[in-house]
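# Chain and residue survey
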Amino acid sequence: YFCNLLHICFRLLESTCLCSSVELATMSCPPVVALIGMRGAGKTTLGRGVAEILGFDFDDLDEVITRAANGKLPPQIVAEQGWDAFRKLEADCFQSAASVAAARKGKILACGGGIIETAPAMDIMRCHNPVILIDRHIDDVVATLEADPAAQVHRASLGEHPRDTYKRRLPKYEEVANFRFPIAKGEKDLSSLTTSFARFVNIALGRAIPSTVSDSFFISLTAPDYAQVSPEILRSAASNADTLEFRVDLLESLEPENVIHQAALIRRSAPGTPLLFTVRSVDHGGKFAGSEDEYFKLNFLGLQLCAELLDVECTWSEPRIADLVAKRGPSLLVGSYHNFGRMLNRTELKDVFQRCMLSGAAAIAKVVVKAEAREDNWTVQEVGKATTPDSAAFIGLCLGEAGKLSRVLNQVMCPSMHPSLAPGAPGQMSVTELLETRQALGLMGTSRQFAVIGPWEGEAPKTSAAASLSLRLLQAAFKALQLPHVAVQDFARSSEEASRLLALASTGGAVLLGPLTSQLASEAWADVSYVDCVVQRNGKLTGHCCKSERLKERLQPLGSKRTAAILGERGDPAACVAGLHAVGFQRIVTATPCEEPDVEVVQDLSKVKDLDALIYMGMEMPLEKLQQSLTEICQSNKPMVIDMSLQMDEAPTWLSELAKKSDCQMVSSEVFLLEEMLAWFRAWHIEAKADVLKEVVAKELVNFREASQQARQAWT
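Residues numbered from 1 in each chain as written. Predicted model: local features only at pLDDT ≥ 70, side-chain atom pairs only at ≥ 80, totals over all residues. Heavy atoms only, no water.

### Some words on the overall build of the chain
Put simply, the rule is: Strands are runs of DSSP state E lasting at least two residues, helices are runs of H or I lasting at least four, and both sets are numbered from the N terminus onward. Only the C-alpha atoms count toward the radius of gyration. The rule for a globule is 2.2 Å times the residue count to the power 0.38. Relative accessibility thresholds used throughout: buried, under 20% of the residue-type maximum; exposed, over 50%; partly exposed, between the two (1.4 Å probe, protein chains only). Residue contacts are counted whenever heavy atoms from the two residues lie within 4.5 Å of one another. Shrake-Rupley sampling with a 1.4 Å probe provides the accessible areas, and residues are treated as covered by the protein chains on show and by no other component. Counted as positive: Lys and Arg. Counted as negative: Asp and Glu. His and the chain ends are not counted at all. By convention, the point assigned to a charge is CZ for Arg, NZ for Lys, CD for Glu and CG for Asp.
A tally of helices and strands in the chain yields 27 helices and 24 strands. For 716 residues, the compact-globule estimate of 2.2 N^0.38 gives 27 Å, and the C-alpha radius of gyration of the chain, at 28 Å, lies within 12% of that figure. Taking all 716 residues of the chain together, the buried fraction comes to 57%. Pairs at least 24 apart in sequence give 74% of the contacts found in the chain among residues at least 6 apart. Counting every atom, the chain has about 30,700 Å² of accessible surface; 51% of that belongs to carbon and sulfur. Here the chain contributes 73 positive and 88 negative side-chain charges, whose respective centroids are spaced 2 Å apart.

### Side note on the pairing of strand 1 (residues 32–36)
Under the convention used in this document: We treat two strands as partners when DSSP finds at least two bridges between them.
Burial analysis of strand 1 places five of its five residues in the buried class, the great majority of the element. Alternating residues of strand 1 divide into Val32, Ala34 and Ile36 and Val33 and Leu35, and every residue in both groups is buried. Relative to strand 3 (residues 107–110), strand 1 runs parallel, the two sharing four bridges. Bridging from a neighbouring strand, Val33 pairs with Ile108 of strand 3. The sheet contact formed by strand 1 and strand 4 (residues 131–136) spans three bridges and is parallel. Across the sheet, the residue bridging to Ala34 is Val131, located in strand 4.

### A look at the packing of aromatic side chains
Stated precisely, the cut-off is as follows: Pairing of aromatic rings covers Phe, Tyr and the six-membered ring of Trp, with a centre-to-centre limit of 6.5 Å; geometry is then stacked below 30 degrees between planes, edge-to-face above 60, and tilted otherwise.
This structure, assessed with the given rule, holds 18 aromatic pairs. Consider the rings of Phe246 and Phe277, whose centres lie 5.8 Å apart with planes at 85 degrees: the pair is edge-to-face. Of this pair, Phe246 sits in strand 7 (residues 243–247) while Phe277 sits in strand 8 (residues 275–278), and the two are 31 residues apart along the sequence. Its relative accessible area of 3% is what places Phe277 among the buried residues.

### A short note on the side chain of Thr590
Here is the rule: Under this definition, polar contacts are N or O atom pairs within 3.5 Å; protein pairs additionally need one hydrogen-donor-capable and one acceptor-capable atom, and for neighbouring residues in sequence, both atoms have to be side-chain atoms.
Along the chain, the position of Thr590 falls in strand 20 (residues 587–590). Using a relative accessible area of 2% as the deciding quantity, one classes Thr590 as buried. Of note is the side chain of Thr590, whose polar atom sits 2.9 Å from the backbone oxygen of Ile566. The contacts of Thr590, once residues within four sequence positions are left out, are Ile566, Val599, Glu600, Val601, Val602 and Leu605.

### Some points on the nonpolar core
Our working definition: The set of buried Ala, Val, Leu, Ile, Met, Phe, Trp, Tyr and Cys residues whose side-chain atoms join them within 4.5 Å is what this entry labels a nonpolar core.
Counting residues in each nonpolar core, the largest one holds 69 residues, and the members touching the most others are Tyr226, Leu244, Phe246 and Phe277. Broken down by element, this core gets its largest block of residues, six residues, from helix 12 (residues 256–269). Core analysis: the next-biggest nonpolar cluster, separate from the first, contains 35 residues, Met38, Ala97, Ala121 and Ile124 among them.

### Looking at the pattern of salt bridges
The line we're drawing: Salt-bridge detection follows one rule: a side-chain nitrogen of Lys or Arg within 4 Å of a carboxyl oxygen of Asp or Glu.
On inspection of all chains with the given rule, the structure shows 40 salt bridges. One salt bridge connects Arg199 with Glu497, and the closest N-O pair in it is separated by 4.0 Å. Here Arg199 is found in helix 10 (residues 190–204), whereas its partner Glu497 is found in helix 20 (residues 495–502), with 298 residues between them in sequence. Since its relative accessible area comes to 29%, Glu497 is described here as partly exposed. Sharing partners across several salt bridges, the network here consists of Glu117, Glu160, Arg168 and Arg169.

### Points about the sheet that holds strand 1
Hydrogen bonding along the main chain pairs the strands of a sheet, whether they run parallel or antiparallel. What counts, and what does not: What counts as an axis is a line fitted to C-alpha atoms, over the stretch in contact for a helix, and the angles between N-to-C directions run from 0 to 180 degrees.
Strand order in the open sheet made by the five strands is 2-3-1-4-5, with parallel pairing throughout. Only two strands of the sheet have a single partner each, and these edge strands are strand 2 (57–60) and strand 5 (179–183). With strand direction ignored, the average angle separating the axes of adjacent strands in the sheet is 20 degrees.

### Considering the packing of helix 11 (residues 231–240) against helix 12
Two quantities define a packed helix pair, namely the angle between the axes and the distance from one axis to the other. Cut-off, in case you're wondering: Should an angle lie under 35 degrees it is considered roughly parallel, over 145 roughly antiparallel, and from 65 to 115 roughly perpendicular; all remaining angles are considered oblique. The hand of a helix crossing depends on one turn: near helix anticlockwise from the far one by less than a right angle means left-handed, and clockwise means right-handed. Nonpolar residues are Ala, Val, Leu, Ile, Met, Phe, Trp, Tyr, Cys and Pro. Charged residues are Asp, Glu, Lys and Arg, and all others, Gly as well, are polar.
One can describe the packing of helix 11 onto helix 12 by two numbers: an axis separation of 8 Å at closest approach and a directional angle of 70 degrees. In this view, helix 11 runs roughly perpendicular relative to helix 12, as classed from their interaxial angle. For the crossing formed where helix 11 meets helix 12, the hand is right-handed. For the pair helix 11 and helix 12, the contacting residues are Pro231, Leu234 and Arg235 in the first and Leu265, Ile266 and Ser269 in the second. Residue composition of the contact of helix 11 with helix 12, by class: four nonpolar, one polar and one charged.

### Quick word on the state of the cysteines
Going by this rule: By convention in this document, the label disulfide applies to cysteine sulfur atom pairs within 2.5 Å.
Scanning the model with the defined rule gives zero disulfides in all. Not part of a disulfide, Cys93 finds its nearest cysteine sulfur in Cys111, a span of 11 Å. With a relative accessible area of 5%, Cys93 lands in the buried category.

Remember, this is a structural readout, not a statement about activity or role.
Structural data, given as structure tokens:
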């Protein structure tokens with residue numbers, strides 16, 4: 001009882017403080033994502049799949065109830081005790097399953113469709129964050145329920161048709177849901193849908209925030225109905241754009257059901273591309289002619305749909321804007337102002353840029369005016385740069401033919417058009433036209449995003465640790481070197497998924513992890529057998545294998561290159577094998593199963609003769625046993641020892657001490673990581689002082705190990 005009471009107080013505190021999902025994501029408590037919606041909507045199927053992808057725990061509330069009721073299924077409980085008793089037990093079980101104390105790591109909790117049927121349960125759900133409504137079309141829900149009557153025996157009868165239940169429950173679902181995941185009508189691709197939902201959950205948790213760097217673009221989607229737009233057009237638009245602007249005001253119908261359906265169609269065709277949700281009013285050059293209440297109702301729907309960016313016109317009433325700001329969650333706000341009638345003077349421009357900052361809440365301030373002279377293009381840019389704080393970006397544009405130059409000059413999130421879609425505003429140019437003009441005039445920007453791209457955390461937990469560290473290293477390095485670049489993390493299962501981000505003009509390069517290193521090596525531009533670093537310059541990609549290059553440089557001076565051993569199972573042996581082959585080793589052995597060709601698995605490495613190099617990548621065995629095994633190897637062979645592990649679980653000095661006692665040459669994990677990082681920066685053509693990066697690596701390794709140890713201890 002007291003545990004549940006504390007849990008409610010904690011959630012109430014979150015609600016009272018208006019914590020956004022971004023803030024919640026940074027808390028030490030792992031998130032508990034509650035899924036609500038009709039039975040047959042896919043809560044359990046999607047929830048279980050996404051939990052596996054994200055590395056979260058999963059609970060089905062019906063199963064939690066059955067465990068609490070000593071094995072009785074929900075229909076039996078309802079039959080014996082009635083609905084009131086069942087609903088009370090359901091609410092109690094939700095509190096227990098969703099409690100912070102119960103979540104050793106993040107958790108997906110699939111709730112029963114009727115969790116919102118009682119006032120006490122509604123109060124509990126209102127205080128939980130995040131709650132995601134799985135919004136599947138009712139026609140598909142009914143079809144699923146009617147197609148498998150046998151599956152309904154484990155569920156209590158609703159006593160009414162599912163359509164009536166849906167109509168009655170929908171307002172309650174909408175009231176308690178922080179976010180709403182729409183599923184396009186007739187959707188049958190479960191694999192793509194599950195991946196899409198994993199990205200949606202990441203956004204809701206504030207773990208996928210779009211970056212605002214130079215030469216970034218958004219393409220305006222201006223169709224009235226995306227069911228009539230070829231998916232190839234949407235995919236083509238997404239391949240060139242950092243963001244897609246969803247012009248809600250241009251839809252045939254602004255009924256919420258239609259807006260939700262249209263958003264689902266766009267995300268199905270352009271998975272992974274952020275959305276800018278825009279309701280452009282008539283006064284600002286759009287087609288929305290509704291009331292202020294209707295405007296903000298649509299924008300709150302955009303927040304529920306988890307749009308990564310939300311356009312907010314600064315001319316609406318300040319209290320209504322403040323209310324939207326307070327409830328924005330993880331969405332970035334774009335404060336906007338449009339005047340199609342005239343050019344503003346500098347004082348007026350300064351005032352509207354400041355208003356577009358939405359009292360400091362906007363990530364981007366956007367001002368669009370009518371150019372009256374060529375000089376107006378520079379004026380808008382100058383005032384925007386002088387007025388917008390460093391913590392935000394700005395868009396400063398002039399309309400029409402006279403204002404096209406402003407689009408060339410505008411560096412961040414420049415509005416663009418797709419040749420197959422109508423322009424979103426007069427004077428819009430395509431991304432290709434803008435880039436060609438900027439390159440010809442020498443106006444390409446200076447800031448870029450550099451990505452760490454790897455498999456999803458749940459699918460490769462060992463790789464996820466390396467991804468987290470790489471991201472931290474890049475973020476810290478850019479800050480220490482006082483560079484304008486941004487480090488971001490993305491997840492991909494295939495080279496096609498990874499290529500979307502790599503191909504953007506705003507991307508300067510990437511670090512690759514996991515299977516992608518081999519998959520992208522098959523691309524025509526790679527020209528290496530293993531790719532762990534990608535460079536993007538002027539639309540051309542180049543692949544590098546920095547690990548192999550560093551390994552080759554370290555081992556090249558060895559007088560003898562007979563046998564090399566790879567010891568460990570936490571890294572990617574492909575890079576080691578490529579480097580060892582390149583330097584000329586005759587034999588490569590390992591003590592753990594390895595899928596790499598030409599690698600021999602041996603039972604006892606201590607009996608291997610002529611061992612000239614030992615590559616340690618981290619082992620899943622007790623430290624004492626590991627030290628004993630390595631001591632025998634080092635003392636008998638005197639190999640060069642290269643530590644390529646992150647040593648998150650062991651003391652960081654034990655291997656170097658062992659190598660010293662055995663009189664072996666040693667390259668520590670810290671030194672190798674520094675050399676690898678320097679190789680990234682050289683490949684990206686970024687000047688980086690070695691002493692600065694050395695401090696970054698030393699500090700971030702310590703911080704990362706401490707954070708990892710604290711996380712394990714906290715949940716032991």
